[in-house]
Amino acid sequence: GEDVEQSLFLSVREGDSSVINCTYTDSSSTYLYWYKQEPGAGLQLLTYIFSNMDMKQDQRLTVLLNKKDKHLSLRIADTQTGDSAIYFCAESLSGYSTLTFGKGTMLLVSP
Amino acid sequence: NAGVMQNPRHLVRRRGQEARLRCSPMKGHSHVYWYRQLPEEGLKFMVYLQKENIIDESGMPKERFSAEFPKEGPSILRIQQVVRGDSAAYFCASSPRIHDSSYEQYFGPGTRLTVT
């Protein structure tokens, strides 16, 4: 079955790096996503990675994928207070178009 | 290019009433998805539609819930005889369906339904 797990909470200081982790169970997942949700808002797609990639970098964001362990991480460099939000990991299966989300990790960045 | 539009943003209904939630996809997008977010939970898939077709409704409750995406106009998620457990944020997403195995879903701001 499909299941995506995330730690619920992460607290960092401004300027530090943040690492948010995610595990998934379905080995046929083709695409893995990171979304950001600010309070009272919708979800903003931050980045995604194909299952045949190990790493993807986009400005301050680095996504690492360990397909063998079914582990995905999002690293935010030089974390700012504006990065405080809930971060959702999501997967989609090959040939199946809907997203399966984790419960989200609340990132709190303190000055 | 406007993003995904949802209205209303907030909706209050009494138990037993009907709730209608609307979603206008991004321009050029022909695929619409509805997700529900219960308090302190992740988003759960409900239904996936193309124009005039329901592609996958495996996440929809069997009773009281229905969805449509007509040829003209927004997609509608309809909840009949609402109960307190329906209180949640309902998000719509749209995608252009680039090719068979790749897509990006763009989310609207959500409709927050409160059942009193």
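Residues numbered from 1 in each chain as written. Chains lettered and ligands numbered in written order. Predicted model: local features only at pLDDT ≥ 70, side-chain atom pairs only at ≥ 80, totals over all residues. Heavy atoms only, no water.

Asker: Even after reading the chapter, I still don't get the pairing of strand E8 (residues 75-79) of chain B, so can you show me in this structure?
Answerer: Residues in a regular strand point their side chains to alternate faces of the sheet. All names here are of chain B. Taken across its 5 residues, E8 has 4 buried, putting it largely inside the fold. Pairing of strand E3 (residues 19-24) with E8 involves 5 bridges; the strand directions are antiparallel. Following the sheet pairing, Arg 20 is matched in E8 by Arg 78. With 4 bridges connecting them, strand E7 (residues 65-68) and E8 associate as antiparallel partners. Counterpart to Ser 66 in the pairing with E8 is Arg 78. (Buried < 20%, exposed > 50% of the residue type's maximum accessible area, 1.4 Å probe, protein only. Helix = DSSP H or I, 4+ residues; strand = E, 2+ residues; numbered from the N terminus. Pairing = 2+ DSSP bridges.)

Asker: When you look at the state of the cysteines in this model, what are you seeing that I'm missing?
Answerer: As used here, a disulfide is simply a covalent bond connecting the sulfur atoms of two cysteines. All names here are of chain A. Using the criterion set out here, one finds 2 disulfides over all chains in the structure. Note that Cys 22 is cross-linked by a disulfide to Cys 89, the S-S spacing being 2.0 Å. Residues Cys 22 and Cys 89 share a disulfide whose torsion about the S-S bond is about -65 degrees; that sign makes it left-handed. Of this pair, Cys 22 sits in strand E3 (residues 18-24) while Cys 89 sits in strand E9 (residues 85-93), placing them 67 residues apart in sequence. When sorted by exposure, Cys 22 lands in the same class as Cys 89, which is buried. (Disulfide = S-S within 2.5 Å.)

So, to be careful, I would describe these as geometric facts and stop short of saying anything about function.
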